[in-house]
Amino acid sequence: MSGPVSEPTKRDGSRFLDTLSGKTLSVPPVWLMRQAGRYLPEYRALRAEAGSFLDLCYNPALATEVTLQPIRRFDLDAAILFSDILVVPHALGQEVRFVEGEGPRLDPLTSRADFRRLREAIDLDMLSPVYETVSRVRAELAPDKALIGFCGAPYTVATYMVAGRGGDEQAPARLMAYLDPDGFAELIDRLVEASVAHLVAQLRAGADAVQIFDSWAGDLPPAEFARWSTAPIKALCEKVREQVPGAKILAFARGAGAKLGGFASAVPADAFGLATSENLAAARSVVPYDIALQGAVDPIALVAGGAALDRAVDLVLEALGGAPLIVNLGHGVRQQTPPEHVAQLVARVRRRAG
Ligand SMILES: Cc1c2[nH]c(c1CCC(=O)O)Cc1[nH]c(c(CCC(=O)O)c1C)Cc1[nH]c(c(CCC(=O)O)c1C)Cc1[nH]c(c(C)c1CCC(=O)O)C2
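Residues numbered from 1 in each chain as written. Predicted model: local features only at pLDDT ≥ 70, side-chain atom pairs only at ≥ 80, totals over all residues. Heavy atoms only, no water.

A word on the sheet that holds strand S1 (residues 78-80). Ordered in space as S1-S4-S5-S6-S7-S8-S9, the 7 strands form an open sheet in which the pairing is parallel. Two strands close off the open sheet at either side, each with one partner strand: S1 and strand S9 (325-329). Sheet twist, expressed as the mean angle between neighbouring strand axes with direction ignored, is 25°. Of the strand pairs in this sheet, S1 and strand S4 (residues 146-152) are connected by 3 bridges, and their pairing is parallel. Paired with alanine 79 across the bridge in S4 is leucine 147. Helix-sheet contacts for helix H11 (residues 222-243) involve S4, strand S5 (209-214) and strand S6 (249-253), and the interaxial angle to S6 is about 170°. (Pairing = 2+ DSSP bridges. Helix = DSSP H or I, 4+ residues; strand = E, 2+ residues; numbered from the N terminus. Axes fitted to C-alpha atoms, helices over the stretch in contact; angles between N-to-C directions. Contact = heavy atoms within 4.5 Å.)

Across 4 bridges, strand S2 (residues 96-99) lies against strand S3 (residues 103-106) in antiparallel orientation. When the sheet's bridge partners are listed, valine 96 is paired in S3 with leucine 106. In this structure, the hairpin formed by S2 and S3 is closed by a connection of 3 residues, where glycine 101 is found at a positive phi of approximately 75°.

With 6 of its 6 residues buried, S5 lies for the most part within the structure. Burial along S5 is two-sided: Ala209, Gln211 and Phe213 and Val210, Ile212 and Asp214, pointing in opposite directions, are all buried. Alignment of S4 against S5, held across 5 bridges, turns out to be parallel. Considered in S5, the bridge of isoleucine 148 is made with alanine 209. Handedness of the crossover is the feature at issue here: the chain leaves S5, passes through H11, returns alongside S6, and the resulting connection is right-handed. (Buried < 20%, exposed > 50% of the residue type's maximum accessible area, 1.4 Å probe, protein only. Right-handed = clockwise from strand over helix to strand, strands pointing away.)

The next subject is the nonpolar core. In terms of nonpolar packing, the biggest core is built from 130 residues, with Phe16, Phe184, Phe272 and Leu345 touching the most fellow members. Broken down by element, this core gets its largest block of residues, 13 residues, from helix H10 (residues 181-205). Residues within four places of leucine 345 in sequence aside, it is in contact with Val30, Leu32, Val297, Leu302, Leu309, Val313 and Leu329. (Core = buried A, V, L, I, M, F, W, Y, C linked by side-chain atoms within 4.5 Å.)

On to the site of the ligand. Around the ligand, the surrounding shell holds 22 residues, and the nearest of these are Arg34, Arg38, Tyr43, Asp84 and Ser215. With respect to the ligand, the backbone of glutamine 35 contributes an N or O atom lying 3.4 Å from an oxygen atom. The contact in question runs from an oxygen atom of the ligand to an N or O atom on the side chain of histidine 331, over 2.8 Å. Bound to the protein, the ligand loses 87% of the 870 Å² it would expose on its own. Put simply, the parts of the chain that give the shell around the ligand at least two residues each are helix H2 (41-50) and S3. Grouping the constituent residues of the shell around the ligand by class yields 13 nonpolar, 5 polar and 4 charged. (Near = heavy atom within 4 Å. Polar contact = N/O pair within 3.5 Å; in protein donor to acceptor, adjacent residues only side chain to side chain. Areas by Shrake-Rupley, 256 points an atom, 1.4 Å probe, with all protein chains shown as cover. Nonpolar A, V, L, I, M, F, W, Y, C, P; charged D, E, K, R; others polar.)

Here, the residues flagged by UniProt with the feature "binding site: substrate" (unreviewed entry) are Arg34, Gln35, Ala36, Gly37, Arg38, Asp84, Tyr160, Ser215 and His331. A maximum C-alpha distance of 22.5 Å among these annotated residues, which run over 298 residues, shows that they spread across the structure rather than meeting at one spot. Within the element layout of this structure, tyrosine 160 appears in helix H8 (residues 154-163). On the basis of relative accessible area, tyrosine 160 is assigned to the buried category, the value being 14%. Ignoring sequence-local partners within four residues, the contact set of tyrosine 160 consists of Ile85, Leu86, Pro104, Leu106, Arg165, Gly166, Gln170 and Trp216. Along the chain, serine 215 falls in the loop between S5 and H11. (UniProt positions renumbered as here; feature names shortened; annotations may be inferred.)

We now examine the side chain of arginine 350. Topologically, arginine 350 is positioned in helix H16 (residues 339-350). At 2.3 Å, the side chain of arginine 350 forms a polar contact with the backbone oxygen of aspartate 75. Discounting residues that sit within four places of it in the chain, arginine 350 has contacts with Arg15, Val27, Pro28, Val30, Asp75, Leu76 and Asp77.

Here it is, written out as structure tokens:
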């Protein structure tokens, strides 16, 4: 577990890692954001026994099991660590809880004074169960399956820390960014440092790649996007690679749209995630051809299944299949998704295999 990371690209036969290295495969790799979760009956059963959602995130035996549940059921190319982006504010000393049926609730930060009361640096000991989960999952996964670690982007995590919850285009954080840009920058900088430490710990524990989720970045006007999404994610990638040379990184600025070209030219990621709303051909034309794109099947088409799902998958393969592609959804799996539809999606992607 300790010592330098194994060279991720040397893991044999991983379609996912080959694609991150810039290869175009006739059968692209596939995994799904939120592939573990409440749409799976085996998740709901285990969740009922685990106590709170955070208890589950900090229980290596149960979190390992939940991470592996979708891999046992479906022929996916990658597992994603079962955890949450809000463990970072939690380990910075902010109160975080998950209200059943409603989502996350944090004690909101309303001023500089509020976040100066948080820890200066992330308490990695608090997150040691997460890293223990990473090494347990890696030990159980087949060599051709990749393990993805993750964090939230500084901006998205800051929006939850300031608002105390999701919703309303995360307006409270945007308001703070306009009214007190230096104070907001201080929060963002602290989140860059905390996220670097969290991603490096996951890579050292055995994650083959890490994804940065900027779920709320797309709402920002271009100048704010450049300052609060692009610049911190660029710094995060560079600082992770200083400690883990060659680390494989996926960056998902959801809904970047016309801002994707600028984002992709500044951020040194190995793949860029695309949201459901993106024009795929336009996205491909603004990202260098040796850099992978990931996405962007509509999660609602996955709920629908049948011919609509096949068509949604085919459109992604046609638009993006001529260059390195990781098939995924444009956002997370919805709770009402019939599990059989995930099997159908994977089969559709693999259809030309063999
Ligand atoms: C914004 C965000 C969060 N968490 C995450 C994001 C970024 C991606 C996105 O935009 O969806 C990321 C996340 N959250 C979770 C994962 C695990 C890995 C995976 O399967 O993708 C990942 C990668 C588990 C989770 N995170 C959460 C659940 C549901 C909790 C439960 O089982 O009760 C899961 C499986 C809770 C959560 N966590 C968060 C919210 C807003 C919610 C409530 C919404 C909901 O309930 O679906 C914050």
